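Below are the chains, spelled out letter by letter.
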Amino acid sequence: MGVTKFRSLKRKPLPVPEIVTRIWADGLYEPNEFSEVRFSLRTKKKGTLIYLHRGNQQWSLNAATGFWPKNFQAARKYVHQIAASHGYEPFTEIVKERTKRPNGRDAALLKSGGCRETWLSSDVPSIFAEACMRCQHPGGYCMQDGFCHYGDCDMEMDYTDMEDLD
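Residues numbered from 1 in each chain as written. Predicted model: local features only at pLDDT ≥ 70, side-chain atom pairs only at ≥ 80, totals over all residues. Heavy atoms only, no water.

### Details of the pairing of strand β3 (residues 48-54)
With six of its seven residues buried, β3 lies for the most part within the structure. If you look at the hairpin formed by strand β2 (residues 37-43) and β3, you'll find four residues sitting between the two strands, and G47 has a positive phi there, around 160°. Pairing analysis gives four bridges linking β3 to strand β4 (residues 57-60), with the strands arranged antiparallel. What sits directly across from H53, in β4, is Q58. Linking β3 back to β4 in an antiparallel pair, the connection comprises two residues, with G55 at a positive phi of about 60°. (Buried < 20%, exposed > 50% of the residue type's maximum accessible area, 1.4 Å probe, protein only. Helix = DSSP H or I, 4+ residues; strand = E, 2+ residues; numbered from the N terminus. Pairing = 2+ DSSP bridges.)

### Examining the environment of L49
Checked against the element boundaries, L49 lands in strand β3. Here the alpha-carbon distance between L49 and F72, two residues 23 residues apart in the chain, equals 9.1 Å. Not counting residues within four places of it along the chain, the set of residues in contact with L49 comprises S40, L41, R42, K44, S60, N62 and W68. (Contact = heavy atoms within 4.5 Å.)

### A look at the pattern of salt bridges
One pass over the structure, following the stated rule, counts three salt bridges. Between E93 and R76 there is a salt bridge, with its nearest N and O atoms 2.8 Å apart. With E93 in strand β5 (residues 92-93) and R76 in helix α2 (residues 72-85), this pair connects stretches of sequence that are 17 residues apart. Look at R76 and you get partly exposed, because its relative accessible area is 32%. R116 is the salt-bridge partner of D106, the closest N and O atoms lying 3.1 Å from each other. With D106 in helix α3 (residues 104-112) and R116 in the loop between α3 and α4 (125-134), this pair connects stretches of sequence that are 10 residues apart. When its relative accessible area of 11% is taken as the criterion, D106 is described as buried. Exposure remark for R116: the relative accessible area of 18% places this residue in the buried category. (Salt bridge = Lys/Arg side-chain N within 4 Å of Asp/Glu carboxyl O.)

Note that all results are geometric; they support no functional claim without further evidence.
Written out as structure tokens, the structure is:
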């Protein structure tokens, strides 16, 4: 039975600017070479700002290397090249969760002060909230099942699914 010896990756130190802010607090640990390294991206006038995160440390890769990628795609490629050239697996990206926004027609209608019945079943928070605020039913049943039960609301109704309007 063959046994393979464990070989660790030969890692070089990551490019770090001269000043790196360290934040020490209860429950946080001092990062070492085995701490996971992640990255995040921001847009600036010069180009894309790349932050590397290791434990409770964060630093700008741009300040350390002097390179400013033009867009996010070029920045991701650059980060993967840095990771590979220093003996690391590809770093994971920290992606900020974004709220959904209304599409073009719904956004224009919302801006003009209108409302639609289909917004009662929407997963976009801003238009769902607008439809809920316009609900005039005393029990508020409209927002529970996504259909207008009152019929006297000032919103565009969707009568395609209803058999009888009387």
